[in-house]
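# Observations on chain architecture
The residues making up each chain are set out below.
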Amino acid sequence: MELRYHRKRTCGRALPITGPSARLFVAGVLVGGLAAIPYAGTLRAEEPPAGRTPPAEEAAFDSIQRLPEAVTLARLSNGLTIVVQENHTAPVATVRCYVRNTGSVFEGCYMGAGISHLVEHVVSGGTTAHRTEAEIERIIDSFGGATNAYTSTALTAYFIDCPAEHTATAVELIADMMLHCQFEASEFDRELRVVRQELADRLVNRHAVRWELLSQTLYTTHPVRHPVIGYLDVLNRLDREDAVAFYESRYVPANQVFVVVGAVDTDAVLDQLAALYAEAPRGTETYLPLEEEPQQLSPREAFREMDGATVDAVLAWPTIRLDHEDLYALDVAAAILGEGESSRLARRLKHEEPLALDVGTASYTPHFVRGFFALFFTAPPQTWQPAAEAAREEVARLRDELVSEAELERAKRQQVAELVLGRQTVQQAARALGRDYLATGDPLFSSHYVEMIQRVTAEEVRDAARRYLDPARLNRVALVPPGTLDEVAEEEPEPREGPIQLSTLPNGLTVLVKRQSHLPLVNLQAYVLGGALADSEATAGRANLVARMLDQGTRERSAAEIAEFFDSLGARFSVSGGRNTTYGTLTVLADDVAEAAAVFAECFTDSTFPEAQFDFVQQRALVAIDRRRDNARTEAMDLFFRSLPEDSPYRVLQEGTRETVEQLTAEDLQQFHARYFVPNNMIVTVFGDIDEEEALSIVEQHFGHLESVEDFQPVTFDYDNTIPEDTTVHLQTGKPTGMVLLGYRGVSIRDDDYPALEVLGAIMGGYRYPGGWLHSELRGEGLVYAVHAFPITGPAPGYFVAVAQTDPGQIDEVVERIRANVSRARAGEIDEAEFALAQQRIIGLKAMENTTAAERAQQAALDELYGLGYDHSRTAAERIEAVTLDDIVRVAREYLTESLLVTTSPDP
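Let me begin by describing the structure that accompanies this report. (Residues numbered from 1 in each chain as written. Predicted model: local features only at pLDDT ≥ 70, side-chain atom pairs only at ≥ 80, totals over all residues. Heavy atoms only, no water.)

### Focus: the sheet that holds strand β20 (residues 682-688)
With mixed pairing, the six strands of this open sheet are ordered in space as β15-β16-β20-β17-β19-β18. Edge positions in the sheet fall to β15 (501-504) and β18 (572-577), since each of these pairs with one other strand and no more. Neighbouring strand axes in the sheet, compared pairwise and without regard to direction, differ in orientation by 15° on average. As defined by bridge partners, strand β17 (residues 521-529) adjoins β20 across seven bridges and the pair is classed as antiparallel. For Q525, the partnering residue across the bridge sits in β20 and is T685. (Pairing = 2+ DSSP bridges. Helix = DSSP H or I, 4+ residues; strand = E, 2+ residues; numbered from the N terminus. Axes fitted to C-alpha atoms, helices over the stretch in contact; angles between N-to-C directions.)

Here is the structure:
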């Protein structure tokens, strides 16, 4: 169809809209679902869309370049750029289209309106000249695809993740969105309401608020200072005609970059896109000159009060663009200061002088404006200013002294590891290719970047620090608690993948090994059965503290030495306590696995729980408990768990309460460790680029000495999770948002009814991605920003919960709507088509889960530990397919009965 309207507004003729927008990342509208018939037609418009000039001739390839790493870069004569990388490790693919000359920085006369973000919402899955919005959703649902979009300061991106066999369909769908979006009035109005709600919800997002405050302090004239989502009063001036005009002027082939990565045929992708864009005209070139930000000449400060118990602060200095020669030295400097637990800032601010809870650094160097070097930290109100002073002292030391050779080499090693670790999935690889090409014109810039990093010298790091980290140009930004503002002042072999192999050591330890060699990485994990389930209300938080202490000292190494060791390898090491398990995970370059495994096992089995470190970890845990109320959803979830019946194990908070954690001792942790960290209660996995026999030998060497406990009593999963009667609990908070949690009795993941509850959750609230009845109804009518329905469960029977975030004044209506949908499920008012769509959504998305070595290892380990069998996930699709519509109605009637309703809002 041809779009017609009563007047045409263009940037050259419209009244200027003041105030730009620039947020680092804004998630777009989600479209995704489950089962249908893939579209198999050819996308050709019978007549040019309104506002576009008919082409003089069909587009053809200007160039096709075959690059290293199985990457192909091609350009059509109409300007479309295509990047394809073949990766046949897993039968999955991702299709992405980046639209440059969009994003808040490039909005021209619409500056401050967030029009790029609004257009993204409408275009992503919206009605086109060939399909309705519902048809697009059904097509994606039919192959279990996952789709989304986002807008940043300098681009808009759209993607569909899919099984590789459906790549052509995904390419067609995105191309259709890029060329033929119709901007139906109802869809535009709906998404405008959604964006308005997002604007309101940003007010309680600490990261978004801090980023906006920092951007507006560093930049006084450049458009990057404004949020990507825009400002409400400017957004409200937009109408559908504005959105159509922006789409027609910016969504031209010359502004589009298609990136396709996965188990695909490169030539087939190129041929398909050439055909789809054959008649798409090049369009007018987009030229948007950006005003250069003036040099900062004096220090700046900005502080803002925000509900919460901690201070989130930033120290930042203006620096350079991406193409500057000092890029590499500044990035090494950032790694030395703040990357890893053995970095200078982490060691001093978190361990030697425990002033901060979290620290980090960033050297932000976009291609369109001079960037900045920043130190980020979170601290209690009483220590944040001493923490800022200590951070400034470390920056001064970087300016005055040469860094050690060990520090320099560690930072370089971290960059190599970061490059490899950041390309494990097809999604990660596509992001890297797209980011590199859009910023530099070279999709393989990251490889060049790492090469240049290796050439950085200590003198270059010092000189860069002297040039840019000038006290006279410091920017200090902080979010502080309410009432405290006045106190502020080489050729690679063919990748090989083998099956999972299960072995049992003589001491009873279960070992899972899998060869997966497409990247030179090895992941090692160790689990014990006994997380929060092994705690009571009186000892809540104990398992969590045990996990926090595992890397805080052994008989051979101190906490600092452990952190420095792993940082020196560029390894990713962490320990954690969950509801059911306490575990550690290590991902390291394959060449370093033997050395790293020794220290990993030492932490897991030989931790000494030193008193000095215990006091430090305990205090951090207490602050983390206090800080949980900073997040509205976390606060409400904790209230839900605390409101469950006393005999429910889910009532025990994983992090504990202030009262329980305060009374714990190092001896309590040692006793927990001695009881549960035994081989017949433990499983170790080694997945990655390593020979199976070598992997098993490493585990035997470092875990085989543990002695089995013959009379060991494992934790039980047999609990009564009944909600005896309908209960309502409300909490008045200081946050300008409302939370709703409506929970019902559920089942364990070991129960035969679990697959039916999964499908019911997908019907009502989507699966992994928003969708289903609640999303369509509540968000579709602008009643909520987010709503989900899903089982919260594990090996012990849990609960089926609906969660929504809304305006406080709409809580009652949201609750009523959710209950009405529960009644609808219990009444069996479920359409066969939506039931089938829910099944296919789950099957499709499960097929795309667990593609990295670490993800596969974790799934196998947990399934084996819970008694399901390490290959349980292999038959996930069969269990979902076996669910019938009668099963759905039966479980709804059996379990969705008595409820626990928890709400939070600023109202009594």
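Don't stop here, the text continues.
### A word on the packing of aromatic side chains
By the definition in use, this model includes 24 aromatic pairs. On the numbers, 5.7 Å between centres and 80° between planes, the contact of W211 with Y364 is edge-to-face. Of the two residues, W211 sits in helix α5 (residues 206-218) while Y364 sits in strand β12 (residues 358-364), which places them 153 residues apart along the sequence. For the pair shown, W211 and Y364 are each scored as buried. Seen in terms of ring centroids, Y650 and Y799 are 5.7 Å apart; in terms of plane orientation they differ by 85°. Their pairing is edge-to-face. Here the residue Y650 occupies a position in the loop between α20 (632-642) and α21 (658-662), and Y799 occupies one in strand β24 (residues 799-806), the gap between them amounting to 149 residues. Taken together, the ring pairs connect F565, F566, F573, F600, F604 and F677 into an aromatic cluster. A cation sits over an aromatic face here: R579 above F641, 4.8 Å from the ring centre. Its guanidinium or amino end placed over the ring of W773, R824 lies 3.7 Å from that ring's centre, counting from NZ or CZ. (Phe/Tyr/Trp six-rings, centres within 6.5 Å; stacked < 30°, edge-to-face > 60°. Buried < 20%, exposed > 50% of the residue type's maximum accessible area, 1.4 Å probe, protein only. Lys NZ or Arg CZ within 6 Å of the ring centre and 35° of its normal.)

### Looking at the sheet that holds strand β25 (residues 899-905)
If you trace the five strands from one edge of the open sheet to the other, you get β21-β25-β22-β24-β23, paired in mixed fashion. If you trace the sheet from one side to the other, it starts and ends with β21 (727-732) and β23 (784-792), each paired once. Pairs of neighbouring strands in the sheet enclose a mean axial angle of 10°, with direction left out of account. Across eight bridges, the pairing between β23 and β24 is antiparallel. What sits directly across from I792, in β24, is Y799.

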